[in-house]
Amino acid sequence: MQDQLQLLTSEEIEALVERVAKAEEEKVLYQKDNEKLRLRVICTQKDQNKLQAKGKAHIGKWAILAEESGLVVNLRRSITRMWSEYKKYFGLPRSYRDTPEHRFEEALHWIDAWTLPTYLMEQPQCQLEEGASQ
């Protein structure tokens, strides 16, 4: 069987053009909505654990460097300070666990680049007492 071609009237063509234009507008709106939703997705549990481990390891490196210089790092205050600055930098409401998935790589680089403030490195207590008694 041979398909018959059907000619469209100008009104039918106009209606089709309008439907196509409307479909294109809807497509753009759906793409924008999808992008907004994608930006709201947080890291997976696995990635959150990687951030936490990287943060702890980074503070540990600073503690070793400080120890080599004869200083002691207050680990609890250092970790609190780092995550506080992290939250502020990324604009997070609660913790690093709210890190958006699309910023995960940036977050890893941020942790690597973070430096420990010098006021969190102190002389060991025994050295202070020896210096005071002399």
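As a reminder, the structure under discussion sits directly above these lines.
Residues numbered from 1 in each chain as written. Predicted model: local features only at pLDDT ≥ 70, side-chain atom pairs only at ≥ 80, totals over all residues. Heavy atoms only, no water.

What follows covers the overall build of the protein chain. Of the regular secondary structure elements, the protein chain holds five helices and two strands. Listing each helix as α and each strand as β along the protein chain from the N terminus yields α-α-β-α-α-β-α. Projected onto its principal axes, the C-alpha positions of the protein chain cover 105 × 30 × 20 Å. Looking at the protein chain residue by residue over its 134 residues, the buried ones come to 24%. Pairs at least 24 residues apart make up 73% of the contacts formed inside the protein chain by residues separated by at least 6 positions. Carbon together with sulfur atoms contributes 54% to the accessible area of the protein chain, which is approximately 10,600 Å² in total. Mean positive and mean negative side-chain charge positions of the protein chain (20 and 22 charges, respectively) differ by 8 Å. (Helix = DSSP H or I, 4+ residues; strand = E, 2+ residues; numbered from the N terminus. Buried < 20%, exposed > 50% of the residue type's maximum accessible area, 1.4 Å probe, protein only. Contact = heavy atoms within 4.5 Å. Areas by Shrake-Rupley, 256 points an atom, 1.4 Å probe, with all protein chains shown as cover. Lys, Arg positive; Asp, Glu negative; His and termini not counted. Charge placed at Lys NZ, Arg CZ, Asp CG, Glu CD.)

With that settled, consider a nonpolar patch on the surface. Taken together, Leu8, Ile13, Leu16 and Val17 make up a surface patch of nonpolar side chains, about 340 Å² in accessible area. Within the element layout of this structure, Leu16 appears in helix H1 (residues 10–40). Classification of Leu16 as partly exposed rests on a relative accessible area of 39%. (Patch = residues over 30% accessible without salt bridge, like charges linked within 9 Å, V, L, I, M, F, W, Y side chains within 5 Å. Salt bridge = Lys/Arg side-chain N within 4 Å of Asp/Glu carboxyl O.)

Moving on, we get to helix H3 (residues 75–90). Each α-helix turn comprises 3.6 residues. Residues three or four places apart therefore point the same way. Helix length check: H3, at 16 residues, gives a terminal C-alpha distance of 22 Å against a target of 22 Å (1.5 Å per residue), a fit within 8%. Looking at the packing, one finds that the buried side of H3 touches helix H2 (45–68), strand E1 (72–73) and helix H4 (104–113). In the segment just after H3, Gly91 is the residue with positive phi, at about 65 degrees. (Expected span 1.5 Å × (residues − 1).)

Moving on: the packing of H2 against H4. Following both chains from N to C, one finds H2 and H4 inclined at 10 degrees, their axes separated by 9 Å at the closest point. On the basis of their axis angle, the class for H2 and H4 is roughly parallel. Across the interface between the two elements, Asp47, Lys50, Leu51, Lys54, Gly55 and His58 of H2 pack against Phe104, Ala107, Leu108, Ile111 and Asp112 of H4. In terms of residue class, the contact of H2 with H4 is built from five nonpolar, two polar and four charged. (Axes fitted to C-alpha atoms, helices over the stretch in contact; angles between N-to-C directions. Parallel < 35°, antiparallel > 145°, perpendicular 65-115°, else oblique. Nonpolar A, V, L, I, M, F, W, Y, C, P; charged D, E, K, R; others polar.)

To continue, consider the packing of aromatic side chains. Applying the stated criterion across every chain yields a total of six aromatic pairs. Where Tyr86 meets Trp110, the ring centres are 5.3 Å apart and the plane angle is 80 degrees; that geometry is what we call edge-to-face. Highlighted residues: Tyr86 in helix H3 and Trp110 in helix H4, separated in sequence by 24 residues. Take Tyr86 and Trp110: they sit in the same class, and that class is buried. (Phe/Tyr/Trp six-rings, centres within 6.5 Å; stacked < 30°, edge-to-face > 60°.)

Moving on, we come to the nonpolar core. Within the largest apolar cluster, 22 residues are counted, with the highest numbers of intra-cluster contacts made by Leu51, Met82, Tyr86, Trp110, Ile111 and Leu116. Each residue touching Tyr86, except ones within four places of it in the same chain, is listed here: Leu51, Leu92, Tyr96, Thr99, Ala107, Trp110 and Ile111. (Core = buried A, V, L, I, M, F, W, Y, C linked by side-chain atoms within 4.5 Å.)

For the structure on display, the rule yields five salt bridges. One salt bridge in this structure joins Asp98 and Arg94, with 3.0 Å as the shortest N-O distance. Owing to a relative accessible area of 11%, Asp98 belongs among the buried residues under this scheme. On the basis of relative accessible area, Arg94 is assigned to the exposed category, the value being 62%.

Moving on to a negative patch on the surface. A surface patch of like charges, here negative, comprises Glu11, Glu12, Glu14 and Glu18. Mapping Glu11 onto the fold places it in helix H1.

Keep in mind that these numbers describe shape and distance, not what the molecule does.
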